[in-house]
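Structure assessment
If you want the building blocks of each chain, they are given just below.
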Amino acid sequence: MRSAWRWVKDHYESGLYLLVVLLLLLAIFKPQVPLKQQVHNYLLLVDVSQSMNAEDMRLNGKQVSRMAYTRHLMRKLVENSPCGTYFSLGVFAAEDVALIFTPLETCANYDVIVDTIEHLEWRMSWRGNSRISFGVKGAAKVFDSLNAPARLLFFTDGDEAPKVNAINKLRLDDVQIGENIVFVGIGGNEDVAIPRYNSSNKWVGYWSSDAKENSAGAVGITYNDTSRDDPDPVVASADFDRYLSKLESDYLKELAEEIHGQYILGEDRPEFYSFVQKQKPVASFVTAYSLRWVYLLLALALIIASYWPYIRQWRQARRG
């Protein structure tokens, strides 16, 4: 036993350095282990109706559309999210939700996620009218296809066509995912005209006010018939004839309260991104958990420990 202890003392430094090399090799070749853990899983849902083309937002000192501002907010969310965060992306139009991609991990799929966000636009809409309450119902169905709970961030101005009334209002008391939904309000508080584009995405004027009148039914023919955008759609003939839109924050707050969800104003400010990051993780995924920092920290501790005999001798010499 005494000889074994003497051998350990004689080879103390060599043993520590061997362990350091082993830990460094593990940090290089085995830096991760699979581990089931709670993760942030966001479904970014974007309203692609044409009211999102209204230009009442400011970004970097320039006037931009609600859609451009939404793309900026979503891109910043992805950029500010740590590795291990998951994102899905979907679009809302008419009464339905379409899922573009299912959960993707941020760091491994950053370019794909950001590039898809950059290509979001109004021409992705398959129909022009906008019934947000129906969209909530559609989102509930999409949740089933994700195979994991998600925090839904619904970016919208809340401007519906046709407008909600006592006849066409949809009850949402049976929505089961309400606590996972956050309405993100996009737009200004003042009425502005909605630009109208043809099918080539060329600006041709502004939507006329008769669109508002003709969209009172369930279909909203004039406002929503995108087939008329080619080649020469009807536009407002004068300023007073323009169809006006603004952020319907009160309506979105009402919807959020009805389904026990949340509402927040979408702003390019630290408070907005902090609010999103502080949302409670709702999914459990088996993810690759990095142990590199553990290996490196242990290696550093062992290197320091290799100097312990010299430190001990130095302290004894000072006492002597």
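Preceding this section is the structure that the text describes.
A word on the overall build of the chain
Of the regular secondary structure elements, the chain holds 11 helices and 14 strands. Every one of the 320 residues in the chain was classed for burial, and the buried ones make up 45%. Considering only contacts in the chain between residues 6 or more positions apart, those separated by 24 or more positions represent 80%. For the chain, the accessible surface area stands at approximately 17,500 Å², while carbon and sulfur atoms represent 56% of it.

Observations regarding the packing of aromatic side chains
On inspection of all chains with the given rule, the structure shows six aromatic pairs. Among the aromatic side chains, those forming a connected cluster through ring pairs are Phe92, Phe154 and Phe183. When the ring centre of Trp207 is taken as reference, the NZ or CZ atom of Arg196 above it lies at 3.6 Å.

Describing the state of the cysteines
Applying the stated criterion across every chain yields a total of one disulfide. Between Cys83 and Cys107 runs a disulfide, and the two sulfur atoms are separated by 1.8 Å. Looking along the S-S bond of the Cys83-Cys107 disulfide, the torsion reads about -90°, which is the left-handed sense. With Cys83 in the loop between helix 3 (66-80) and strand 5 (86-93) and Cys107 in the loop between strand 6 (96-105) and helix 4 (110-118), this pair connects stretches of sequence that are 24 residues apart. The exposed category is assigned to Cys83, whose relative accessible area is 56%.

Calculation criteria
Residues numbered from 1 in each chain as written. Predicted model: local features only at pLDDT ≥ 70, side-chain atom pairs only at ≥ 80, totals over all residues. Heavy atoms only, no water. Helix = DSSP H or I, 4+ residues; strand = E, 2+ residues; numbered from the N terminus. Buried < 20%, exposed > 50% of the residue type's maximum accessible area, 1.4 Å probe, protein only. Contact = heavy atoms within 4.5 Å. Areas by Shrake-Rupley, 256 points an atom, 1.4 Å probe, with all protein chains shown as cover. Phe/Tyr/Trp six-rings, centres within 6.5 Å; stacked < 30°, edge-to-face > 60°. Lys NZ or Arg CZ within 6 Å of the ring centre and 35° of its normal. Disulfide = S-S within 2.5 Å.

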